[in-house]
Amino acid sequence: MSDAATDDTAFERYVLPEIEVLLRVANSLTRNHAEAEDLVQDTLLRAYRAIDGFDGRYPRAWLLTILRNTHINRNRRRRPELLRDPDAATDRMISAASDERTDEGVDDEIDVEIIRALASLDEPFRQVVELVDIDGLSYAEAAEVLDVPVGTVMSRLHRARSRIRDRLVKVGFDPRSEL
Amino acid sequence: MRKLLGRTPPGGMSCHQVGEVLQQYLDGHIDADRARRIEAHLDECRRCGMEADTYERIKSTLVAHRPQVPAESIDRLREFGERLARGEEPTRP
């Protein structure tokens, strides 16, 4: 893909259809709409500049890798404290950020419980549920975004969902009573 | 599970075996043959069936209340991407 016109076509074919998925994932990573949009814009620009080296296989995985690296670089520049104390910094970010995934407007008691349970999970567990269940990524794609092995995605997902389930069990949820 | 001792478990899989792959099954990350065996187990085993129902409810709730990404953000990014695709490198808005 060295010819400029071919590169432009490749960009149109491989990158543009993924914009909405990229924005969803960026929202999960940043938990802020404006920051997510900036992150995707940077990602698109980097993808455009790198398209001549892309072999056309697994464009979403390729783009998610660019998105992840761009996100890390932006955090390094803007939030150096993340590198020093990632857990504490992440906690502060979660509590400081206006969480757009609240239970506002959710009427069903069980739904409210599920959404609250998700919000109460530690960052690595909440993030993997958001990427797979909400953003619709495959295990491999979520692993790409988080830069962890697929097995780690699966085990985190299992633990996260188990914790949400445990919370439902505690409030007496019986799935068969809803049928 | 005492009553299952001495006979083939539903679907030819034990509760433990089903539990190990239940998440992959619910996410569609499992082959068709194994999925059929898991379904046979879930149909017959009340405990595992309820477990699967609970996880399905969790997933469907999360999908149903999926936050909307702002349409105007998608429009702006699409326009940005289309300008790149035309060979322009626009300045940031």
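Residues numbered from 1 in each chain as written. Chains lettered and ligands numbered in written order. Predicted model: local features only at pLDDT ≥ 70, side-chain atom pairs only at ≥ 80, totals over all residues.

1. A word on the interface of chain A and chain B
Contact residues are listed per partner, giving 38 residues for chain A and 29 residues for chain B. Those elements giving two or more residues to the side of chain A that touches chain B turn out to be α1 (4-15), α2 (19-30), α3 (33-50), α7 (109-120), α8 (123-134) and α10 (150-170) of chain A. Tallying contributions element by element places α10 of chain A first for the side of chain A that touches chain B, with 7 residues. Here the residues of the side of chain A that touches chain B sort into 22 nonpolar, 4 polar and 12 charged. (Contact = placed C-beta atoms within 7 Å. Helix = DSSP H or I, 4+ residues; strand = E, 2+ residues; numbered from the N terminus. Nonpolar A, V, L, I, M, F, W, Y, C, P; charged D, E, K, R; others polar.)

2. Side note on the packing of α2 of chain A against α3 of chain A
Packed helices, taken two at a time, are described by the angle between their axes plus the distance between the axes. Residues and elements named next belong to chain A. Running from amino to carboxyl end, α2 crosses α3 at an angle of 130°, the nearest separation of the two axes being 8 Å. Considering their axes alone, α2 and α3 lie oblique with respect to each other. In terms of crossing hand, the pair formed by α2 and α3 is right-handed. Contacts between α2 and α3 involve Ile19, Leu22, Leu23, Ala26, Asn27 and Thr30 on the former and, on the latter, His33, Glu35, Ala36, Glu37, Leu39, Val40 and Thr43. (Axes fitted to C-alpha atoms, helices over the stretch in contact; angles between N-to-C directions. Parallel < 35°, antiparallel > 145°, perpendicular 65-115°, else oblique. Left-handed = near helix turned anticlockwise from the far one by under 90°.)

3. Structural notes on the domain arrangement of chain A
All names here are of chain A. When the domains of chain A are assigned, the result is domain 1 (1-100) and domain 2 (102-179). Each side of the interface is counted separately: domain 1 has 12 residues, and domain 2 has 13 residues. Breaking the side of domain 1 that touches domain 2 down by element, the ones donating at least two residues are α2, α4 (59-78) and α6 (86-96). When residues in the side of domain 1 that touches domain 2 are grouped by element, the largest group, 6 residues, is from α4. Classifying every residue of the side of domain 1 that touches domain 2 gives 5 nonpolar, 3 polar and 4 charged. (Domains from an automatic or database assignment.)

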